[in-house]
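Remarks on the overall topology
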Amino acid sequence: MAQATTAADHSNPLQAIIAHAKEYGFLYPSSEIYGGLQAVYDYGPYGAALKRNLQDLWWRSMTQLHQNIVGIDAAIFMHPHTWQASGHLDSFSDPLIDNKDSKKRYRVDALLEAQATAWAQQGNEEAAEDLLQTMHHLLQAQDLVGLHRLIVSTGIQCPVAKTSNWTAVRQFNLMFATQAGALEEKADTIYLRPETAQGIFVNFLNVQKTARMKVPFGIAQIGKSFRNEIVARQFIFRMREFEQMEMQFFVRPGTESYWFDYWKEQRLKWYLALGIPSTRLSLQPHKHLAHYAQEAVDIEYAFPFGQKEVEGIHSRTDFDLRNHETHSKKKLQYFDPEINQNYTPYVIETSLGCDRLVLLLLCQGLVHETVTESGQQKTRTYLKLPPALAPIKVAILPLVKKDGLPEKAQKLVAELRLAFPLAYEENQSIGKRYARQDLIGTPYCITVDHQTLTDDTVTLRERDSMQQQRLPIGAVRNYLFEKVNLQTIL
RNA sequence: GCGGAAGUAGCUCAAUUGGUAGAGCGACAGCCUUCCAAGCUGUAGGUCGCGAGUUCGACUCUCGUCUUCCGCUCCA
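Residues numbered from 1 in each chain as written. Chains lettered and ligands numbered in written order. Predicted model: local features only at pLDDT ≥ 70, side-chain atom pairs only at ≥ 80, totals over all residues. Heavy atoms only, no water.

Remarks on the sheet that holds strand S20 (residues 422-424)
Ordered by their spatial adjacency, five strands build an open sheet running S20-S19-S21-S22-S23, and the pairing between neighbours is mixed. With partners counted over all chains shown, the strands left at the sheet margins are S20 and strand S23 (468-472), one partner each. Between one strand axis and the next, the sheet turns through 25 degrees on average, direction left out of account. Pairing of strand S22 (residues 457-462) with S23 involves five bridges; the strand directions are antiparallel. The partner of Arg 461 across the bridge, within S23, is Gln 468. Against the sheet, helix H13 (residues 405-416) makes contact with strand S19 (394-398), S20 and strand S21 (444-448), and its axis sits at roughly 160 degrees relative to S19, the strand it touches most. (Pairing = 2+ DSSP bridges. Helix = DSSP H or I, 4+ residues; strand = E, 2+ residues; numbered from the N terminus. Axes fitted to C-alpha atoms, helices over the stretch in contact; angles between N-to-C directions. Contact = heavy atoms within 4.5 Å.)

Describing a negative patch on the surface
A cluster of acidic side chains, namely Glu 125, Glu 126, Glu 129 and Asp 130, defines a negative patch on the protein surface. When you line up the elements, Glu 126 lands in helix H6 (residues 125-141). Classification of Glu 126 as exposed rests on a relative accessible area of 65%. (Patch = residues over 30% accessible without salt bridge, like charges linked within 9 Å, V, L, I, M, F, W, Y side chains within 5 Å. Areas by Shrake-Rupley, 256 points an atom, 1.4 Å probe, with all protein chains shown as cover. Salt bridge = Lys/Arg side-chain N within 4 Å of Asp/Glu carboxyl O. Lys, Arg positive; Asp, Glu negative; His and termini not counted. Charge placed at Lys NZ, Arg CZ, Asp CG, Glu CD. Buried < 20%, exposed > 50% of the residue type's maximum accessible area, 1.4 Å probe, protein only.)

Details of helix H14 (residues 430-440)
Listing the buried residues of H14 in full gives Arg 433, Tyr 434, Gln 437, Asp 438, Leu 439 and Ile 440. Gly 441, located one to two residues past H14, shows a positive phi value of around 90 degrees.

Concerning the environment of Asp 42
Here Asp 42 is to be found in strand S2 (residues 41-43). When its relative accessible area of 35% is taken as the criterion, Asp 42 is described as partly exposed. With residues up to four places along the chain from it excluded, the contact list for Asp 42 reads Phe 26, Leu 27, Tyr 28, Pro 29, Ser 30 and Ser 31.

So, the nonpolar core
By size, the foremost hydrophobic cluster in this structure holds 62 residues, and its most contacted members are Trp 58, Tyr 271, Phe 303, Leu 357, Leu 359 and Leu 362. No other element matches the eight residues that helix H12 (residues 354-365) contributes to this core. Aside from chain neighbours lying at most four places away, what touches Leu 362 is Ile 17, Ala 21, Phe 26, Leu 27, Leu 50 and Leu 383. The next biggest cluster of nonpolar side chains, apart from the first, holds 19 residues, and it includes Leu 412, Phe 420, Tyr 444 and Leu 480. (Core = buried A, V, L, I, M, F, W, Y, C linked by side-chain atoms within 4.5 Å.)

Digging into the packing of aromatic side chains
Each aromatic ring pair is specified by the distance between its two centres and by the angle formed by the two planes. In total, this model carries 19 aromatic pairs according to the counting rule given. When the ring of Phe 201 is compared with that of Phe 250, the centres are 6.3 Å apart and the planes differ by 85 degrees; the resulting orientation is edge-to-face. Taken as a pair, Phe 201 in helix H8 (residues 197-201) and Phe 250 in strand S10 (residues 241-251) lie far apart in primary sequence, 49 residues in all. The buried category is assigned to Phe 201, whose relative accessible area is 0%. (Phe/Tyr/Trp six-rings, centres within 6.5 Å; stacked < 30°, edge-to-face > 60°.)

Some points on the confidence of the model for chain A
Any segment with low pLDDT has predicted coordinates that should not be analysed in fine detail. Within chain A, residue pLDDT values average 86, and 89% of them lie at 70 or more. Here strand S6 (residues 170-171) is the element of chain A with the lowest mean pLDDT, 69, and strand S3 (residues 69-72) is the one with the highest, 97. Every residue in residues 1-10 is under pLDDT 50, and counting partners more than four places away or in other chains gives twelve contacts. For this predicted complex, the interface confidence comes out at an ipTM of 0.85, alongside a pTM of 0.86. (pLDDT = per-residue confidence, 0-100.)

Here's what the structure looks like:
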């Protein structure tokens, strides 16, 4: 007989995840009826619930488990000067050029600087200096044609292809810009934030003073960020609009190393607590540091498409606060009563991609198991999510749709519906209903059968093991709570 | 952005030198069933990714475009 189609039929593991996510209501391509929008996705009912649970878990593990961390929710729009101070306006808009033969893409300034360095080493420092001067002028003027002419006239070759077969120079601004105000010509350009961190930095003093925080302390935030990625790929791994969960931890200068190590360890533990095997996780120190970072490490997960960053932990020094001081001309310092001194705190950042974490859980959770049942081989597909994060905690199922079982089951639904997100289904065979719940990751199913009518007990089936046990109806609520609340993780 | 592959129902796929789309699964409704997707009956889903062109006629040929995957590239 025909076997139900499962995602296991796909040869590509990421395709299998995408197909499953779509088919079972986790993620859809954005505006799909119009052909989709590149690198933008919508969360469906189960995906939205899963994401919300994850955010709740993270939020609580930051703000409730740590007395010295508070949360905020800053606006997506910020004063344009913010992005000058943060460095995003400059470093997010590098002119790039492609070599048509090697298909390699380069930053124009990097190519020219390399050439200048080469000339300087050959003793031709004057020419090197001239080149850099010219480049800076062109960059300032945003003269892309001039930059292209300079590349060509300098005779710069692609290090790989050894040719000068260049495309035009193009500007890739990674920040989305829009206009504030109704009159476009008078309006300021404002940007959709490319990271949530700046909303924390500009509020540093507000939070410190109004919540009476003492260094060391942290500010946590969950929110959307936007990056106009040149290449956005791998499903929800790199999206143009994405959700960050990050915490900036302010420390006394000189203690940043200690706190960097502290948070590195804390954050890694958090993933292990989620049940992610340590073999699939790794800590990857950065080789090339971002413009603000003193030390940085990524927590990476072995996705089907490779070992990739899920969370970054950065030692940002006082880069951000100092720059905001300079640009805003407001003092952003902390008076430390312990040492009787004013200083600009150093910052340790933990920043994780919420959507990446959702993808991680889908990758980690989607299981195709071959089971043998009465001599027949079958594939059993289920989504092994941590119970505390599952969109639906329990499904309540009358064994058959008669003899008063649905009514009895509905009573239980009424008792539990406020305590747990739950599902009720009475159509089709019990096996099919179990399977459907397995596919969306529901950890428990409760079945009301004929015995329930005589002794008020139900069977409780566990998703992963498929084992059943009988429980008195009165014990169900506490039993489930023990299994599915967030404390099972934290 | 470059190169490769693909796009037909919710999913997996079919449709003979171009003649106005079908199946299985799934969904839904009803029946049957005391525990792991497999019984019976019925119903609803598609302007064949989108737009042009060629043609009497295009799912089928040509061009463009969008989206996705793979590789490269990039990456705070």
